[in-house]
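# Analysis of the macromolecular model
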Amino acid sequence: MARKSEFSDSFQSTKRRRRDFDDDEVFSAEEQARFEEMRTEFDDAPNDDGPPAGDRWTIWWDSEPLQRGPEPLPDWVITDHGAVDYELGVLKTGKEADVFLIERAVPDTDRAVVLASKRYRSAEHTQFNRAGDYTAGRGAKRSRDVRAMAKRTTFGLEQAAGRWAAAEFDALKRLYVVGAPVPYPVQVLGTEVVMEFIGHGRTAAPRLAETRPDEPELESLWEQACEALRLMTEQGFAHGDLSPYNTVVHEGRLVVLDLPQIVDIYANPLGHDFLARDVENLGSWFTARGIDRQEVDDLQLELKAIAAKP
Ligand SMILES: Nc1ncnc2c1ncn2[C@@H]1O[C@H](COP(=O)(O)OP(=O)(O)OP(=O)(O)O)[C@@H](O)[C@H]1O
Ligand SMILES: [Mg+2]
């Protein structure tokens, strides 16, 4: 990070004070004028606008209240105005998004938390063209967005990426509040979803597909999978892409990930098919390891009954 001049440092601290009091402080005309003057001077100065440490200022306050995680906030969520985000590296690059590891920290304190940051791509090679099946019944209200998405313009791709991020964040929120095993959704901003990192230190929890559970562990994980599916179905959702690759196991606990394509069982004409496929995709992994096939069939029937209720 470039060394900042004294002037820049004093500008930074002024800026931070302003951020701290953003909500209610009214500045005098004289103070306003001074800020404007400093801003102009600062714009001319060769320094960047970044934080004194870290890779960016925390983006917590850049999200609207509805784009932040549900209350009560877990105590590890850092909301300080002076916090900074560090980029720790890429966790996984995927077809539609890349998952990064970040650390949000309060400088000069020992308060820091590692988070997962999923960033949707707006690049041409994403697979938004197959998105129609999933989003049937969801309704893109702003017709300009719809037309742009159809034309696959840069604007459209950016909008689509933002929509996927918003959809995943909303799904995480709805499921988290009913106690489903999903990461706590910290915030969404544009094409980025920041969520609880499931893992130890900086090491991500293994995907279900990578685990070798013994018999009692297998039973426990299967029970948890059934419960997660019940909760989702009761909320009127099918995951839409459930698999042993989109679930991880952390300290014996099954956590479901990757929810942007969540399907509204009632609005989507293929809703029941998506639900059945989710159960089959996860269920077949369990039956291959010793869970009785009958249990998967029973779960299919049970969920079908739940989904049949209006
Ligand atoms: N919150 C998290 N905590 C820990 N690991 C995570 C988290 N989110 C994602 N990961 C890891 O990153 C991988 C990719 O995440 P996710 O499935 O959400 O993205 P994706 O772009 O859809 O990937 P893919 O196209 O491979 O399905 C997961 O399989 C998991 O290993
Ligand atoms: Mg995935």
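Look up a bit, the structure's there.
The structure presented is a predicted model; accordingly, all values stated were derived computationally and were not measured.

## Here we look at the overall build of the chain
From N to C terminus, the chain includes eight helices and 12 strands. Counting only residues that meet the buried cut, the chain has 46% of its 310 residues in that class. Summarising the internal contacts of the chain: among those between residues at least 6 apart in sequence, 66% fall at separations of at least 24. When the accessible surface of the chain is split by element, carbon and sulfur atoms take 50% of a total near 16,300 Å².

## A few points about the sheet that holds strand β3 (residues 97–105)
One open sheet accounts for six strands, arranged β1-β2-β3-β4-β6-β5; its pairing is antiparallel. The strands lining the two open edges of the sheet, one partner per strand, are β1 (56–57) and β5 (185–189). The pairing of β3 with strand β4 (residues 112–120) spans nine bridges and is antiparallel. Paired with Glu103 across the strands is Val114, a residue of β4. Contacts from helix α5 (residues 154–177) reach β4, β5 and β6 (192–196), with the element oriented near 160° to β5.

## Thoughts on the coordination of the magnesium ion (ligand 2)
Distances from the magnesium ion (ligand 2) to its protein donors, Asn246 (OD1) and Asp258 (OD), fall at 2.1 to 2.2 Å. Of the two residues, Asn246 sits in the loop between β9 (237–238) and β10 (247–250) while Asp258 sits in the loop between β11 (253–256) and β12 (263–264), which places them 12 residues apart along the sequence. Classification of Asp258 as partly exposed rests on a relative accessible area of 21%.

## Observations concerning the site of ligand 1
Taken together, 18 residues surround ligand 1, and among them Lys92, Lys118, Glu196, Ile198 and Asp258 come closest. Interatomic distance of 2.7 Å between a side-chain N/O atom of Asp258 and an oxygen atom of ligand 1. A total of 610 Å² of accessible area belongs to ligand 1 in isolation, and the protein chains cover 92% of it. Those elements that provide at least two residues to the shell around ligand 1 are β2 (84–93), β3, β4 and β6.

## Points about the packing of helix α6 (residues 215–234) against helix α7 (residues 271–287)
Relative orientation of the contacting elements α6 and α7 amounts to 175°, with a least axis distance of 11 Å. By the angle class used here, α6 and α7 are roughly antiparallel. Between α6 and α7, the contacting residues are Leu218, Leu221, Trp222, Ala225, Leu229 and Thr233 on the first element and Leu275, Asp278, Val279, Leu282, Gly283, Trp285 and Phe286 on the second. Along the lines of polarity and charge, the residues of the contact of α6 with α7 split into 10 nonpolar, two polar and one charged.

## What about a nonpolar patch on the surface?
A grouping of Tyr176, Val177 and Val178 is seen on the molecular surface, where their side chains present a nonpolar patch of about 230 Å² in accessible area. Here Tyr176 shows up in helix α5.

## Considerations on the nonpolar core
Within the largest apolar cluster, 51 residues are counted, with the highest numbers of intra-cluster contacts made by Leu175, Val193, Leu208, Trp222, Leu259 and Phe286. Looking at this core element by element, the count peaks at nine residues for α6. Inspection of this core shows a minimum of three residues originating in each of domain 1 (55–204) and domain 2 (206–310).

Basis of the calculations
Residues numbered from 1 in each chain as written. Chains lettered and ligands numbered in written order. Predicted model: local features only at pLDDT ≥ 70, side-chain atom pairs only at ≥ 80, totals over all residues. Heavy atoms only, no water. Helix = DSSP H or I, 4+ residues; strand = E, 2+ residues; numbered from the N terminus. Buried < 20%, exposed > 50% of the residue type's maximum accessible area, 1.4 Å probe, protein only. Contact = heavy atoms within 4.5 Å. Areas by Shrake-Rupley, 256 points an atom, 1.4 Å probe, with all protein chains shown as cover. Pairing = 2+ DSSP bridges. Axes fitted to C-alpha atoms, helices over the stretch in contact; angles between N-to-C directions. Donors = N, O, S within 2.8 Å, 3.2 Å for Na, K, Ca; no water. Near = heavy atom within 4 Å. Polar contact = N/O pair within 3.5 Å; in protein donor to acceptor, adjacent residues only side chain to side chain. Parallel < 35°, antiparallel > 145°, perpendicular 65-115°, else oblique. Nonpolar A, V, L, I, M, F, W, Y, C, P; charged D, E, K, R; others polar. Patch = residues over 30% accessible without salt bridge, like charges linked within 9 Å, V, L, I, M, F, W, Y side chains within 5 Å. Salt bridge = Lys/Arg side-chain N within 4 Å of Asp/Glu carboxyl O. Core = buried A, V, L, I, M, F, W, Y, C linked by side-chain atoms within 4.5 Å. Domains from an automatic or database assignment.

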